[in-house]
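The lines below spell out each chain.
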Amino acid sequence: MAENTRDAYRTVLRMTGVPLPVVSFLGRLPVAMIQFGSVLLVTETSGSLATGGIVACALALGQVALGPFVGRLADRRGQRSVVLAFSLVNAVAIAAYTLGALAGLPTPALLALGALAGATVPGIGPLARARVVPLVRAKGGDDRLAGTVLSLESTMDELSFVLGPALVGLASVAGHPAYAFGLASLLVAVCGTAFALHPTGRTPKAVPEHPARARGGRPRLPRSVYVVRVGLLFLGVLLGACGAGITALTDELGRPGQAGLVYAAMGVMSAVVGLSMAALPERFGLIARWRVATAAAALLSLPLVWTDSLIGLYAVVTLFGAVYAPNLITGFALTERAVPPRRLAEGMTFAASAFVGGQAVTLAVAGRLAESHGAGAAFALGSAAAAVAFVIALIARHDPHRPDPSHRPHETYRTTAATVTVTPDAAAPQGSGPPA
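The rules behind these values
- Residues numbered from 1 in each chain as written.
- Predicted model: local features only at pLDDT ≥ 70, side-chain atom pairs only at ≥ 80, totals over all residues.
- Heavy atoms only, no water.
- Helix = DSSP H or I, 4+ residues; strand = E, 2+ residues; numbered from the N terminus.
- Expected span 1.5 Å × (residues − 1).
- Buried < 20%, exposed > 50% of the residue type's maximum accessible area, 1.4 Å probe, protein only.
- Contact = heavy atoms within 4.5 Å.
- Axes fitted to C-alpha atoms, helices over the stretch in contact; angles between N-to-C directions.
- Parallel < 35°, antiparallel > 145°, perpendicular 65-115°, else oblique.
- Nonpolar A, V, L, I, M, F, W, Y, C, P; charged D, E, K, R; others polar.
- Patch = residues over 30% accessible without salt bridge, like charges linked within 9 Å, V, L, I, M, F, W, Y side chains within 5 Å.
- Areas by Shrake-Rupley, 256 points an atom, 1.4 Å probe, with all protein chains shown as cover.
- Salt bridge = Lys/Arg side-chain N within 4 Å of Asp/Glu carboxyl O.

Draft legend 1. Representation of helix α16 (residues 375-394). For α16, with 20 residues, the first-to-last C-alpha span of 29 Å sits near the 28 Å given by 1.5 Å per residue. Within α16, the full set of buried residues consists of A375, A377, A378, F379, G382, S383, A385, A386, A389, I392 and A393. On its buried side, α16 packs onto α10 (223-252), α12 (286-306), α13 (310-320) and α15 (344-373).

Draft legend 2. Representation of the packing of helix α2 (residues 19-46) against helix α6 (residues 124-138). Contact geometry for α2 and α6: axes closest at 9 Å, N-to-C directions at 155 degrees. As judged from the angle between their axes, α2 and α6 are roughly antiparallel. Touching L20, S24, G27 and R28 of α2 are I124, G125, A128, R131 and V132, all from α6. Class assignment for the residues of the contact of α2 with α6 results in four nonpolar, three polar and two charged.

Draft legend 3. Just the environment of P165, in detail. Tracing the backbone through its elements, the reader meets P165 in helix α7 (residues 143-174). Under the relative-accessibility criterion, P165 is labelled buried at 16%. With 131 residues separating them in the primary sequence, P165 and I34 have C-alpha atoms 8.6 Å apart. If we ignore the near neighbours within four places in the chain, the residues touching P165 are F36 and S160.

Draft legend 4. Representation of a nonpolar patch on the surface in the model. On the surface, a nonpolar cluster with roughly 230 Å² of combined accessible area is contributed by L13, V18 and V22. Inspection of the secondary structure puts L13 in helix α1 (residues 2-16). Accessibility expressed as a relative area gives 32% for L13, which makes it partly exposed.

Laid out in C-alpha cells, this is it:
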C-alpha cells in the first residue's frame, strides 16, 4: 500500500514536473504569513491587540470577497494573465500595508490597506488545484490520481500554514514582524510570476460550447456544489473557533508564546495525514469519506472543551489535526467532481473562500466568547460547527435516477436542501494513486 502511494505521488510529479509544485508552494506561502502576521504587525505598531484583530479580519474578508472573482477571471481569460497581474498588484499592496502600519496610520486607513492586501491575493492554492487536476486527467490520470493531486495540494497548504507563522515568529524575534511582510511581498512577486509564466499556465480561455451560451450564459453549477461549500464554511468555523480557543487557553495558562507551536503541531499532523489519503482503499468513496471526516472532527474536537493543561492541549490538538486535511481534501474533491470544467477555477476559489470566510469571522466572534466565558466556550462553538457539518454530510441520500448534463457519468446524492454529485470512479477510484 505504501509503495503504491509513493508510486502515485511520483506519477503526479512526473506529469507536472517538480518546478510547478515548488513555485506553487512558495507562491501561496505569503498568504499564511500575512494572515497570521497581521495581528502581530498591527499590534506591534499600534499598541492595540483589538486593532490588530480587526485589521486581520478585514484582510481575510477582502480575500473572501474577491477570491471567487479571481477564479472566474481565470476561467474566462486563462490563468497566466490573471495570476501575473494579481501577483504583482498583491506584492505592491502588501508593501503599502506594511508601510502604513509602520507609519502609524489611523485604523480606518489600515482597514482599507488590509482589505486591499487580502482582495488582491492571486489565489495560487485553489488555482493550482484547478490547473493540475485537468492536466493530470489530460495525460491519462484517473480519479485516484486526481485525488493524489488534491492530497498533495492540501499538504502544501498545511505546510504553508506551519512555515508561514514560523517565519513571522522568527522575524519578530529577529527585530520586527515587518521583516516577514517584506519577504512575503518579494515571494508573491517572484513566485507568483513564476507560477503564472510556467508552461502549464497557458490555459485556454473559456469558449462557450453552444451559441446560446455565447450570448452571456454560463454553465450552471449543480446544487451539490453549494452543499459542499456550506460544509467547508462550517469547517472554517470549527478551525476559527479552535484557533481562538488555543490562543485563549495558552494565555490563561500563562504561556501565550506556546500558541504558535500548538498550531504547528496541529498542522504537521494534518499534513502527514493528508499525504496518507492517497493510500485509502478504492471502495472508500467520497461521500463515505465526507461523513467519516466530519464525524471524526465533531468527536475529536469535544475533548478540547475540557482541556485545562498545556500538555493536554498539545495532545488533543495534535490528534485533532488528523481530521483537518481529510475534510479539506474531500471538500475540494467533491467540488472538482461536480463543477463544469469551464468553471473549475471559480469553483475551487469559491470553496477556499467559504472555508477562509468561516474561519475569519469566527476568529473575531470566538475571541470575544473566550474573553467572556473562557477558552472552553470557544472550543464548544467549534464542536457545534463540526456537528452541523456532520449532519449536512449524513443526510445525503443516493438518488441514481436523477439525470445530469455534467461532463462525466456520475451518481447523485440528495439532501433535503440539495444534491451531492460524484462520479462512479470517484466513489471507487481506479488506477495508480488519490485537495485541498
